[in-house]
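# Observations on the model geometry
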Amino acid sequence: MSFSARTSDLGVSLTPADRRVIAYLTDNRERALYSSAADIAQAVRASDATVIRTVRKLGYSGLDALRQALADDLRRDLTLSDRMANELRQSEDGTALTGAAATLRVGLDAIEAIDGRTVDELIRILVDARCIHVFGIGPSGFVAGYFAAQLARLGFEARALTQTGLQCADDLIRMKPGDAVAALAYDRPYPEVTALFDRAVQQNLSSILITSTGPRLPDRRASVTLRVPRGRAEGFGLHAGTMALLEGMLIACAGAKPDKSRDALDTLNAIRRDLSGDGMGL
């Protein structure tokens, strides 16, 4: 298993100190190739023994084995610019739009293949929740905001969690028993998504993870995990398939609570009419 896959598998069993070590190794892989245990310990405010314990918890015999795994990951992992370069190489003049359309078709096929019991479970999680917390950071934050806004239009209490770093804590502290989580997250177990599922577990919340079809999961603790292709292998990540899935979920939620959704939309339209007058014909 790769270094990234091992960190995803451990997830729940990691201590805060373990997570600091792994976050440092993940974000500083080139430097870690030449760092001693003491160097890493100093960087993460831990002891040498903590670093070695974390390395062994990941399944490596020692730092040399870890360094080899990090080197292997560096050869596999691509930067955003690398992925765009690959995308451009595969999209000759005139084929970029058809390539994007092909990617969407693959995503739609994956959505149609989701079994009925899984669909029933994820819709139950959403419609039964006191409040739906939709998580996404970076570009996914805009998608999370859209999904939360559309849920609210249909009468469901929903809010987007899009903050990073220490401000993420201000989002997570508002998650309460009876709520649910819908997370858009991909690949590595970065601190915010780990903290999100930590909080979900603490509050005993049902959760949905929407992720890619790659070899790694950002967290394995979701009640329901949905995988949607995001483009060519080693290409640029695209969100069209994810958007199609979310919009299908919106329609399914409205279908599960038709009176609630109809009343909410009627109220929205009445407020819009008050704001605009009769000129817009709302």
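For the structure given in this document, a descriptive report is provided here. (Residues numbered from 1 in each chain as written. Predicted model: local features only at pLDDT ≥ 70, side-chain atom pairs only at ≥ 80, totals over all residues. Heavy atoms only, no water.)

### A word on the overall build of the protein
Along the protein, the regular secondary structure elements total 14 helices and five strands. Residues classed as buried in the protein amount to 43% of the 282 residues present. Contacts spanning at least 24 positions in sequence make up 69% of the contacts within the protein whose residues lie at least 6 apart. Here the protein has roughly 14,700 Å² of accessible surface; of this, 54% comes from carbon and sulfur atoms. (Helix = DSSP H or I, 4+ residues; strand = E, 2+ residues; numbered from the N terminus. Buried < 20%, exposed > 50% of the residue type's maximum accessible area, 1.4 Å probe, protein only. Contact = heavy atoms within 4.5 Å. Areas by Shrake-Rupley, 256 points an atom, 1.4 Å probe, with all protein chains shown as cover.)

### Some remarks on the side chain of Glu-192
Note that Glu-192 resides in helix H12 (residues 191–202). A relative accessible area of 14% means that Glu-192 is categorised as buried. Within polar-contact distance, the side chain of Glu-192 engages the backbone nitrogen of Gly-165 at 2.9 Å. Those residues within four positions of Glu-192 in sequence are excluded, and the remaining contacts are Phe-135, Ile-137, Gln-163, Thr-164, Gly-165 and Cys-168. (Polar contact = N/O pair within 3.5 Å; in protein donor to acceptor, adjacent residues only side chain to side chain.)

### Remarks on the pattern of salt bridges
One pass over the structure, following the stated rule, counts 11 salt bridges. We note a salt bridge from Asp-18 to Lys-57, for which the minimum N-O separation is 2.7 Å. Taken together, the residues span a long stretch of sequence, with Asp-18 in helix H2 (residues 16–27) and Lys-57 in helix H5 (residues 48–57) at a distance of 39 residues. Given a relative accessible area of 0%, Asp-18 falls into the buried group. For the salt bridge of Arg-159 with Asp-171, the shortest nitrogen-to-oxygen distance reads 3.6 Å. Remark: Asp-171 occurs in helix H11 (residues 167–172) and Arg-159 occurs in strand E2 (residues 158–161); sequence separation between them is 12 residues. A single burial state applies to Arg-159 and to Asp-171, both of which are buried. Among the charged side chains, a salt-bridge network with shared partners connects Arg-19, Asp-198, Asp-219 and Arg-221. (Salt bridge = Lys/Arg side-chain N within 4 Å of Asp/Glu carboxyl O.)

### Describing the pairing of E2
Of the strand pairs in this sheet, strand E1 (residues 132–135) and E2 are connected by four bridges, and their pairing is parallel. Following the sheet pairing, His-133 is matched in E2 by Arg-159. (Pairing = 2+ DSSP bridges.)

### Section: the nonpolar core
The tendency in soluble globular proteins is for nonpolar side chains to be buried side by side. Judged by nonpolar contacts, the single largest core of 30 residues is most densely connected at Leu-122, Leu-126, Ile-132, Phe-147, Leu-151, Ile-210 and Met-249. Setting aside its immediate chain neighbours within four residues, Leu-122 contacts Ile-208, Val-224, Leu-226 and Met-249. Core analysis: the second largest hydrophobic core is formed by 19 residues, Val-21, Ile-22, Tyr-24 and Leu-58 among them. (Core = buried A, V, L, I, M, F, W, Y, C linked by side-chain atoms within 4.5 Å.)

### Description of the sheet that holds strand E3 (residues 180–184)
With parallel pairing, the five strands of this open sheet are ordered in space as E2-E1-E3-E4-E5. At either margin of the open sheet sits one strand with a lone partner, and together these are E2 and strand E5 (224–227). Taking each pair of neighbouring strands and ignoring which way they run, the sheet shows an average axis angle of 15 degrees. Relative to E3, E1 runs parallel, the two being bridged by four bridges. Each residue of the ladder has a partner; that of Ile-132, found in E3, is Ala-180. Seen against the sheet, helix H13 (residues 240–256) touches E3, strand E4 (206–211) and E5 and runs at an angle of roughly 150 degrees to E4. (Axes fitted to C-alpha atoms, helices over the stretch in contact; angles between N-to-C directions.)

### A look at the pairing of E4
Judged by how many residues are buried, E4 sits mostly within the fold: five of six residues are covered. Where E3 lies against E4, five bridges are found, and the strand directions are parallel. The residue of E4 that forms the bridge with Leu-184 is Ile-210. For the crossover from E3 across H12 to E4, the handedness is right-handed. Alignment of E4 against E5, held across four bridges, turns out to be parallel. Pairing of Ile-208 across the sheet is with Val-224, part of E5. (Right-handed = clockwise from strand over helix to strand, strands pointing away.)

### Some thoughts on unusual backbone geometry
The backbone phi angle of Arg-45 is positive, close to 60 degrees, even though this residue is not glycine. Tracing the chain through its elements places Arg-45 in the loop between helix H4 (37–44) and H5. For Asn-204, which is not glycine, the phi dihedral falls at a positive 60 degrees. Tracing the sequence through the fold places Asn-204 in the loop between H12 and E4.

### Digging into H4
For H4, every residue scored as buried is listed here: Ala-37, Ile-40, Ala-41 and Val-44. For H4, the angular spread of buried residues about the axis comes to 100 degrees, placing them on one side. Positioned one or two residues after H4, Arg-45 has a phi angle of 60 degrees, which is positive. (Arc of directions from axis to C-beta.)

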